[in-house]
Amino acid sequence: MFRQVANRLLTRSTTTYSAATIRRPYSTEVATDAAAGDSDFVESWKKVVPNIDPPKTPIQYMKPRPPTPSTLPSKLTVNFVLPYASELSQTEVDMVIVPATTGQMGILPGHVPTIAELKPGLLSVHEGNDVKKYFISSGFAFVHSNSYADILAVEAVPLDQIDPAQVQKGLSEFTQKLSSASTELDKAEAQIGVDVHSALNSALTG
Amino acid sequence: PLKSGPISFTRKVGVGPSDHINVGCECDYQRYFKAFELQQIDQKSPKLTLLFRNTKPVTPMAMAALRREGRRFVPLVSSPRPINAIQSTLAPAEEQVGLGVRSISTQIVRNRMKSVKNIQKITKAMKMVAASKLRAIQVRAENSRGLWQPFTALLGDTPSVSVKKNVIVTISSDKGLCGGINSTSVKISRALHKINSGPDAECKYVVLGEKAKAQLIRDSKKHIELTMTELQKNFLNYTQVSVIADDILKNVEYDALRIVFNKFQSVVSFLPTTATVLSPEVVERESEAGGKIGSLDSYEIEGGETKSEVLQNLSEFQFSCVMFNGVLENACSEQGARMSAMDSSSRNAGDMLDRLTLTYNRTRQASITTELTEIISGASALEG
């Protein structure tokens, strides 16, 4: 029994050195980088309101992004986020094709930094041989110089969950509304409906 | 000791209000119970009639209770008086002074104990409700955390930007009893207002939630542009928040929007946070000036429209995303704070109940001791 205790004491004393192994972080804990934070902001805060601690800012909750590498990276790191979920987070893929307003745009590692506005259409993520396809309603895509791609969409559904019959019905409904629309607002709404449904149609077929 | 219930007892004896009773009789107990008959017939004292309303058999505890109530009749032993006088002096326990009756009443303490126990139950239930609501909303808040990160990665974080038109969007809760989170948000908002208002800079508030509105309306009424309440009435979702964001963007002129909310770190810790969203013109200005957003120019704009249009869409989208995350985090923090507030409240109620129980027992024992001493001294006075 004493040997066990001694062993445990020994292991305890060696691991106290690295606090991370002893203290298990909560799974929901937000990583706060106390050192970072906008120093200008903190200074101007302390000048005006010295008694209260300055509030944290979003950059303190984020892991910093890696700088631009000197050589071309082999993989693209993709973050595909939606308001209610992070579909893909820090996933390494070969290529992503996004439906930008100017048409389908392919993003490969080493792509020029870009801000692209997205229209309703098909998003496909290529990893080796498998392709994951989503239909997204509009959003934005950012490509950074360090081969990080952030795709933000308001809604995304995998293609196999879309019902073609409903798509056809919606398309005919909105084309009818467009032709019978009177006010500008109605026309715009009907136009949006037509656009989305025809994009859905072409995504399902193409 | 009586075997039958109190009601049958009185029927057995059958004493009427105008009857005279010879008080100098055998045993003290019986004296008390005769007095009880009188008390029951006289309807003025609500307490004893209550005692007799239940039909439980007379246990020793009940007899002790009866005896306690019978305290007021102890003087009957020493000073035999006609019944009328007794009846006329019957009054609520605390105010009886005519017959030299003791006013040690445990009723007050008992009432307090009952109310404290109820409070404890209520706060415990509220804690359970808050815990279940927290579980539900915590999942959604964590899932939405990825939404604002791309914007910070692209545009950086610029809380120290100095612009002409600042708008502070304070997110708070509608319901109270949630600890100090709303006061913290209001304090931070006021401090930001102080920092950002100057000779050439103005600062306005947009308030979401009843609690912050109530606090800010007191001293900053003329700075408040827009208030919105009852956000959580329907399930919080992105559509609702984007409509709210649209409303704010349409009605308020801004160069920089500073959103103040409490970020949920864990069930016991909430970090006040401020997120800054800049209008497209300011973004362009800052990117030209260099600094944090300096690298924005290196980004190509893929889009049919001009750069400024895309930047406008970007800034509006950023605002709605950051708001969505902020509202969810604040709701999480609200439930967590309410949980811990209600928990400490029920613990305090428990402590209070313990203390009251001790006081109650002390008072009860003291009154019994006094009774006994009186009886004994009276008896010994009779003998000797």
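Residues numbered from 1 in each chain as written. Chains lettered and ligands numbered in written order. Predicted model: local features only at pLDDT ≥ 70, side-chain atom pairs only at ≥ 80, totals over all residues. Heavy atoms only, no water.

**Student:** For the overall build of chain A, give the residues involved together with the corresponding values.
**Tutor:** Of the regular secondary structure elements, chain A holds five helices and 10 strands. A separation of at least 24 residues holds for 49% of the contacts in chain A among residues at least 6 apart in sequence. A total accessible area of about 12100 Å² is found for chain A, and carbon and sulfur atoms account for 57% of it. (Helix = DSSP H or I, 4+ residues; strand = E, 2+ residues; numbered from the N terminus. Contact = heavy atoms within 4.5 Å. Areas by Shrake-Rupley, 256 points an atom, 1.4 Å probe, with all protein chains shown as cover.)

**Student:** Could you give me a rundown of the layout of surface pockets, with the residues and numbers involved?
**Tutor:** Of the volumes computed, that of the largest pocket is approximately 830 Å³. Lining the largest pocket are 28 residues, and of these Ser138 and Val154 of chain A together with Tyr238, Ser242 and Phe317 of chain B lie nearest its centre. Of all the secondary structure elements, the ones that give two or more residues to the lining of the largest pocket are strand E5 (114–118) and strand E8 (139–143) of chain A together with helix H11 (238–251) and helix H13 (307–383) of chain B. Per-element tally for the lining of the largest pocket: the top contributor is H11 of chain B, with seven residues. (1 Å grid on protein atoms, 1.4 Å probe; cavity = no way out; pocket = protein on both sides within 12 Å on 5 of 7 lines; lining within 4 Å. Points joined across faces, edges and corners; volume = space filled by probe spheres on them.)

**Student:** Go over the side chain of Asp150 of chain A with me, naming the residues and quoting the values.
**Tutor:** Within the fold, Asp150 of chain A resides in strand E9 (residues 148–153). Classification of Asp150 of chain A by relative accessible area gives buried; the value is 0%. Side chain to side chain, Asp150 of chain A and Arg65 of chain A meet in a polar contact 3.2 Å long. When near neighbours in sequence (up to four residues on either side) are disregarded, Asp150 of chain A contacts Arg65, Asn79, Phe140, Ala141, Phe142 and His144 of chain A together with Pro150 and Ala153 of chain B. (Buried < 20%, exposed > 50% of the residue type's maximum accessible area, 1.4 Å probe, protein only. Polar contact = N/O pair within 3.5 Å; in protein donor to acceptor, adjacent residues only side chain to side chain.)

**Student:** Give a description of the nonpolar core that names residues and reports values.
**Tutor:** Judged by nonpolar contacts, the single largest core of 66 residues is most densely connected at Val169, Leu208, Ile248, Ile259, Phe319 and Met323 of chain B. In terms of residue count, H13 of chain B provides more of this core than any other element does, 15 residues in total. Those residues in contact with Met323 of chain B that lie beyond four places of it in its chain are Val169, Ile171, Leu208, Val241, Ile244, Ile248 and Ile259 of chain B. Ranked by size, the runner-up nonpolar core spans 23 residues in total, among them Val96, Leu118, Val125 and Val143 of chain A. (Core = buried A, V, L, I, M, F, W, Y, C linked by side-chain atoms within 4.5 Å.)

**Student:** Explain the pattern of salt bridges to me, and be specific about the residues and the numbers.
**Tutor:** Scanning the model with the defined rule gives 13 salt bridges over all chains in all. The residue Asp150 of chain A makes a salt bridge to Arg65 of chain A at a minimum N-O spacing of 3.2 Å. Separated by 85 residues along the polypeptide, Asp150 of chain A in strand E9 and Arg65 of chain A in the loop between helix H3 (39–48) and strand E1 (76–82) bring together distant segments of the chain. A salt bridge links Glu334 of chain B to Arg338 of chain B, with the nearest nitrogen and oxygen atoms 3.0 Å apart. One end of the pair is Glu334 of chain B and the other is Arg338 of chain B, both in helix H13 and four residues apart, which spans about a single turn. When salt bridges with common partners are traced through the structure, they connect Lys75, Asp94 and Glu127 of chain A into a single cluster. (Salt bridge = Lys/Arg side-chain N within 4 Å of Asp/Glu carboxyl O.)

**Student:** Go over the interface of chain B and chain A, please, and point to the residues and values.
**Tutor:** With 49 residues of chain B at the interface, the matching set in chain A holds 44 residues. Both sides together, the interface formed by chain B and chain A hides about 4200 Å², and carbon and sulfur atoms give 71% of it. At the junction of chain B and chain A, the tally comes to zero salt bridges. Of all the secondary-structure elements, those providing two or more residues to the side of chain B that touches chain A are helix H7 (107–143), helix H8 (149–155), helix H9 (181–196), strand E4 (256–266), strand E5 (269–278), strand E6 (300–302) and H13 of chain B. Where E5 of chain A and E6 of chain B come together, three bridges link them in parallel fashion. Across the sheet, the residue bridging to Thr114 of chain A is Glu300 of chain B, located in E6 of chain B. (Buried area = accessible area lost by both parts, 1.4 Å probe. Pairing = 2+ DSSP bridges.)

**Student:** Explain the sheet that holds strand E2 (residues 202–208) of chain B residue by residue, including any values.
**Tutor:** Through backbone hydrogen bonds, the strands of a sheet pair up, either in parallel or in antiparallel fashion. Residues and elements named next belong to chain B. Read from one edge to the other, the open sheet built from five strands follows the order E3-E2-E1-E4-E5, with strand pairing classed as mixed. Each of the sheet's edge strands pairs with one partner strand only, and the pair in question is strand E3 (224–228) and E5. Taking each pair of neighbouring strands and ignoring which way they run, the sheet shows an average axis angle of 20°. Pairing geometry for strand E1 (residues 165–171) and E2, over seven bridges, is parallel. Within the sheet, the bridge partner assigned to Val169 lies in E2 and is Val206. (Axes fitted to C-alpha atoms, helices over the stretch in contact; angles between N-to-C directions.)

**Student:** I'd like to hear about the confidence of the model for chain A, residue by residue, with values.
**Tutor:** Residue and element names in this part refer to chain A. Chain-level pLDDT for chain A is 81 on average; 82% of the residues reach the 70-or-more range. Predicted confidence in chain A is weakest over helix H2 (residues 19–22), with a mean pLDDT of 41, and strongest over E9, with 92. Counted against residues more than four places away or in other chains, residues 13–29, with its pLDDT under 50, gives 11 contacts. (pLDDT = per-residue confidence, 0-100.)

**Student:** Describe in detail the packing of helix H4 (residues 164–179) of chain A against helix H5 (residues 184–205) of chain A, supporting the description with residues and values.
**Tutor:** Residues and elements named next belong to chain A. In the contact formed by H4 and H5, the axes pass within 8 Å of each other and the chain directions differ by 150°. In terms of axis orientation, H4 runs roughly antiparallel to H5. Both H4 and H5 take part in a crossing whose hand is left-handed. Counting all contacts with H4, which are made through Pro164, Val167, Gln168, Gly170, Leu171, Phe174, Thr175, Lys177 and Leu178, the residues of H5 involved are Lys187, Glu189, Ala190, Gln191, Gly193, Val194, His197, Ser198, Leu200, Asn201 and Leu204. Residue composition of the contact of H4 with H5, by class: nine nonpolar, eight polar and three charged. (Parallel < 35°, antiparallel > 145°, perpendicular 65-115°, else oblique. Left-handed = near helix turned anticlockwise from the far one by under 90°. Nonpolar A, V, L, I, M, F, W, Y, C, P; charged D, E, K, R; others polar.)

**Student:** Account for the pairing of E5 of chain B, with residues named and values stated.
**Tutor:** Residue and element names in this part refer to chain B. With nine of 10 residues buried, E5 is to be regarded as a mostly interior element. For E4 and E5, the ladder comprises 10 bridges, and the chain directions are antiparallel. Note that in E5 the partner of Asn262 across the bridge is Pro272. Hairpin connection from E4 to E5: two residues lie between these consecutive antiparallel strands.

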